[in-house]
Amino acid sequence: MKLCKVTLLTLSDCSYCLELKGELDSEGISYEEIDAYKFPGIADDTEEKFQTEYYPIVFIDTGDDIVVLVSETKLQPTSNLRVYNSTYHLVKIIKSYIK
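This is a predicted model, so every value here is computed, not measured.

Trainee: Please clarify how the packing of aromatic side chains should be interpreted in this entry.
Mentor: The relative placement of two aromatic rings is captured by the distance of their centres and the angle of their planes. Applying the stated rule across the entire model yields one aromatic pair. Measuring from ring centre to ring centre gives 6.3 Å for F50 and F59, while their planes differ by 65°; the resulting arrangement is edge-to-face. Each member of the pair, F50 as well as F59, carries the same accessibility label: buried.

Below, the structure written as structure tokens:
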């Protein structure tokens, strides 16, 4: 298993965030969570930098790079900024980095 750190930027009342955490828990994938309501500065900066208002936003630290996963963005996706279309798709992407 690759040693990657997964960090979720979530909203406590977001059903997609809850669904993702449940899926990661059931897969045994560890993650750190940052609640956007508790850290609004981080949330605002992240939304602005990655041109998104949708949650969850996932960061994967591969050791060599940081990959950001968002559901929508006004930016052009790259190898470090990937777009997912469902919780299933998001979990599949996360697993591709850690397994």
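There is more to say, and it comes next.
Trainee: Help me understand helix α3 (residues 87–98), please; the structure alone is not making it clear to me.
Mentor: Between its first and last C-alpha atoms α3 spans 17 Å; for twelve residues at 1.5 Å apiece the expected length is 16 Å, and the two agree. Every buried residue belonging to α3 is among T87, L90, V91, I93, I94, Y97 and I98, and all of these are buried. All buried residues of α3 fall inside an arc of 160° around its axis, so they share one side. In this structure, α3 carries Y88 and K92 as exposed residues pointing more than 90 degrees from its buried face.

Trainee: I would appreciate a short explanation of the sheet that holds strand β3 (residues 57–61) in the present structure.
Mentor: Two strands in a sheet stick together by hydrogen bonds in their backbones, pointing the same way (parallel) or opposite ways (antiparallel). Taken together, five strands build an open sheet; the order of strands is β2-β1-β3-β4-β5 and the sheet is mixed. The open sheet is flanked by β2 (32–35) and β5 (81–83), the only strands paired with a single partner. With strand direction ignored, the average angle separating the axes of adjacent strands in the sheet is 20°. With three bridges joining them, strand β4 (residues 66–70) and β5 adopt parallel strand pairing. Following the sheet pairing, V70 is matched in β5 by V83.

Parameters at a glance
- Residues numbered from 1 in each chain as written.
- Predicted model: local features only at pLDDT ≥ 70, side-chain atom pairs only at ≥ 80, totals over all residues.
- Heavy atoms only, no water.
- Phe/Tyr/Trp six-rings, centres within 6.5 Å; stacked < 30°, edge-to-face > 60°.
- Buried < 20%, exposed > 50% of the residue type's maximum accessible area, 1.4 Å probe, protein only.
- Helix = DSSP H or I, 4+ residues; strand = E, 2+ residues; numbered from the N terminus.
- Expected span 1.5 Å × (residues − 1).
- Arc of directions from axis to C-beta.
- Pairing = 2+ DSSP bridges.
- Axes fitted to C-alpha atoms, helices over the stretch in contact; angles between N-to-C directions.

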